[in-house]
Amino acid sequence: MTTAERADTRRAVRARRVFDGLDLCRAQDAMVLIESGFITDIDTTGAEPPAGVPLEDLGDVTVLPGLIDTHTHLAFDASDEVVAHVQQATPEELSAQMRRAAASMLRCGITTIRDLGDRDYLSFTIREETAVRPETGPTILAAGPPLTPTGGHCWFLGGQADGLDGISRAVAEHAARGADVIKMMVTGGRMTPTTLPHESQYTLNELRAAVDRAHERGLTIAGHAHGRQGIADALAAGFDTLEHVSFMTADGIAPDQAVIDAIAASGIISSVTVGVLPGAAVPPPLDRLLPLMLAHLKNMYDSGVRITIGPDGGVAPAKPHDVLPHALSALVEAGIPARAALAAVTSTAAEACGLKGRIGRVAPGHSADLLAVSGDPLTDIAAIHRPSAIYRRGRRVL
Ligand SMILES: [Zn+2]
């Protein structure tokens, strides 16, 4: 690389405020120095950039790490007929829709996502595309079809796996195809009417086998768990993240404080399902459960549970893929401090993805994935809806 080319990949970004993924930098103005897609330094002395490094002064904005969505589904189209669509679309139609979904997420400042369930491993192709062309979408961690028993929750995605042998074979196949993470349907789910969200689909032994097989291959494993027993079993089995953690029952939700305390004590990260488009129609009984869910999440936070936000984008019209900023607002309205909510979708989310130290912080050595928003989201979370600049791996994409 010549000196001129090297200079080409260097830039400096100045902002009134920087939220580094944990807290607000104390300095009035901060300058983030970027080289070859990585953050090399944060200057808070008011110095000028090194000679030859172009400076972008973004003005009265807050720079924060690009947002991380720990639970989305590019293959779901957020329509009234999600299941029919994902079953009937041709691979070409589905891929085109997934590309549009990925692009919409980047446009609101989401620079990394975990796709926790697709059809035909199609998200793996989109993952390669956004890696080569960062301006087309976020960094994607892909699970492929979720593991579920025959006829179980989301069986139509193609990841049916029964018994210890079936589970081992399924994990091996996912790993061989290049999965970043294994997704397992520990309980049923609302989207599959033949299953019940509060009922377990696998035994503790089967869950342990899945965790062991995933970890042997260096993969993380995420457990979809709505019911109390499924949540407790996924925790006992050693999953890396718990998805939903809603404590659903046959007719409502019934959080179990003893299980919540155990989740907190373990340090495991719960990827909680929150975030709907303001004004969008939420079908019963979810409309009735939504306020209860927010109170439950506030209690989980107060109980010391480490949380990230996985809105489950794509599963319904009220949940488009770019709904994460609304989820942040909802958490803050529920009483969770803005600083904690922002850390949840940046530094904690990076850890949930197994990428601690690489993304989710504005700190030296981390990928230069940055979101600048007008104003200060720590005092006014609505600022998160006002992106003014987005950088993905050091390249400005908004
Ligand atoms: Zn999901």
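Residues numbered from 1 in each chain as written. Predicted model: local features only at pLDDT ≥ 70, side-chain atom pairs only at ≥ 80, totals over all residues. Heavy atoms only, no water.

## Some thoughts on the packing of helix α10 (residues 324–333) against helix α11 (residues 338–352)
- In the contact formed by α10 and α11, the axes pass within 9 Å of each other and the chain directions differ by 145°. Between α10 and α11 lies a crossing of right-handed hand. Between α10, through L324, L328, L331 and V332, and α11, the contact on the second element is made entirely by A338, A341, L342 and V345.
- Looking at the contact of α10 with α11 residue by residue, the class counts come to 8 nonpolar, no polar and no charged. (Axes fitted to C-alpha atoms, helices over the stretch in contact; angles between N-to-C directions. Helix = DSSP H or I, 4+ residues; strand = E, 2+ residues; numbered from the N terminus. Left-handed = near helix turned anticlockwise from the far one by under 90°. Contact = heavy atoms within 4.5 Å. Nonpolar A, V, L, I, M, F, W, Y, C, P; charged D, E, K, R; others polar.)

## Description of the sheet that holds strand β8 (residues 110–115)
- Spatially, β7-β8-β9 is the arrangement adopted by the 3 strands of the open sheet, whose pairing is parallel. The sheet terminates laterally at β7 (67–72) and β9 (139–142), the two strands that pair on one side only. Each neighbouring strand pair of the sheet contributes to a mean axis angle of 15°, computed without reference to strand direction.
- Bridge analysis of β8 against β9 gives 4 bridges, and the strand direction is parallel. Looking at the pairing, D115 lines up with A142 of β9.
- Lying on the sheet, helix α3 (residues 91–107) is in contact with β7 and β8; it crosses β8 at an angle near 140°.
- Taken strand by strand, α11 contacts β7 and β8, and its axis lies near 50° from that of β7. (Pairing = 2+ DSSP bridges.)

## Observations concerning the coordination of the zinc ion
- Bound to the zinc ion are the protein donor atoms H71 (NE2), H73 (NE2) and D312 (OD), situated 2.1 to 2.2 Å from the metal.
- In primary-sequence terms, the residues that donate to the zinc ion follow H-x1-H-x238-D. Remark: D312 occurs in the loop between β14 (306–309) and α10 and H73 occurs in the loop between β7 and α2 (82–88); sequence separation between them is 239 residues.
- For H73, a relative accessible area of 4% gives the class buried.
- In this structure D312 comes out as buried when scored by relative accessible area, which is 11%. (Donors = N, O, S within 2.8 Å, 3.2 Å for Na, K, Ca; no water. Buried < 20%, exposed > 50% of the residue type's maximum accessible area, 1.4 Å probe, protein only.)

## A few points about unusual backbone geometry
- Backbone torsion omega between P284 and P285 reads 0°, so that peptide bond is classified as cis.
- When you line up the elements, P285 lands in the loop between β13 (269–272) and α9 (286–302).
- Within the chain, D120 stands out as a residue other than glycine whose phi angle is a positive 60°.
- Inspection of the secondary structure puts D120 in the loop between β8 and α4 (122–132).
- Look at H244: it is not a glycine, yet its phi comes out positive at around 80°.
- Here H244 lies in strand β12 (residues 241–244).
- Accessibility expressed as a relative area gives 3% for H244, which makes it buried.

## Examining the sheet that holds β12
- Spatially, β10-β11-β12-β13-β14 is the arrangement adopted by the 5 strands of the open sheet, whose pairing is parallel. Each edge of the open sheet carries a strand with a single partner, namely β10 (181–185) and β14. Between one strand axis and the next, the sheet turns through 25° on average, direction left out of account.
- Across 4 bridges, β12 lies against β13 in parallel orientation. In the sheet register, E243 faces β13, and the bridge partner there is S271.

## Thoughts on the domain arrangement of the protein chain
- Here the protein chain is partitioned into domain 1 (3–65 + 360–396) and domain 2 (67–352).
- Here the C-alpha centroids of domain 1 and domain 2 sit 30 Å apart.
- On the domain 2 side, the residues contacting the 21 residues of domain 1 number 27 residues.
- For the pair domain 1 and domain 2, the summed buried area comes to about 1,900 Å², and 65% of that belongs to carbon and sulfur atoms.
- The largest per-residue losses of area from domain 1 upon contact with domain 2 belong to I381, H385 and R392, which jointly make up 31% of the total buried on that side.
- A salt bridge links R395 to E135; the shortest N-O distance between them is 2.9 Å.
- Put simply, domain 1 and domain 2 have 12 residue pairs in polar contact (both at pLDDT 80 or more) between them.
- When residues of the side of domain 1 that touches domain 2 are traced back to their parent elements, those giving at least two are β6 (61–65) and β16 (387–392). (Domains from an automatic or database assignment. Buried area = accessible area lost by both parts, 1.4 Å probe. Salt bridge = Lys/Arg side-chain N within 4 Å of Asp/Glu carboxyl O. Polar contact = N/O pair within 3.5 Å; in protein donor to acceptor, adjacent residues only side chain to side chain.)

## Overview of the packing of aromatic side chains
- Tallying each qualifying case throughout the model produces 2 aromatic pairs.
- Consider the rings of Y121 and F124, whose centres lie 5.2 Å apart with planes at 85°: the pair is edge-to-face.
- According to the relative accessible area criterion, Y121 is buried, its value standing at 10%.
- Residue F124 is classed as buried on the basis of its relative accessible area of 6%.
- Taking 5.8 Å as the distance between ring centres and 80° as the angle between the ring planes, the aromatic pair formed by W155 and F156 counts as edge-to-face.
- Against the face of F124 rests R127, its NZ or CZ located 4.6 Å from the ring centre. (Phe/Tyr/Trp six-rings, centres within 6.5 Å; stacked < 30°, edge-to-face > 60°. Lys NZ or Arg CZ within 6 Å of the ring centre and 35° of its normal.)

## Looking at helix α7 (residues 228–237)
- With 7 of 10 residues buried, α7 lies mostly within the body of the structure.
- Among all positions in α7, only G230, I231, A232, D233, A234, L235 and A237 are buried.
- Contact partners of the buried residues in α7: α6 (204–216), β11 (220–225), β12 and α8 (257–266).
- Phi turns positive, to about 90°, at G238, one or two residues after α7.

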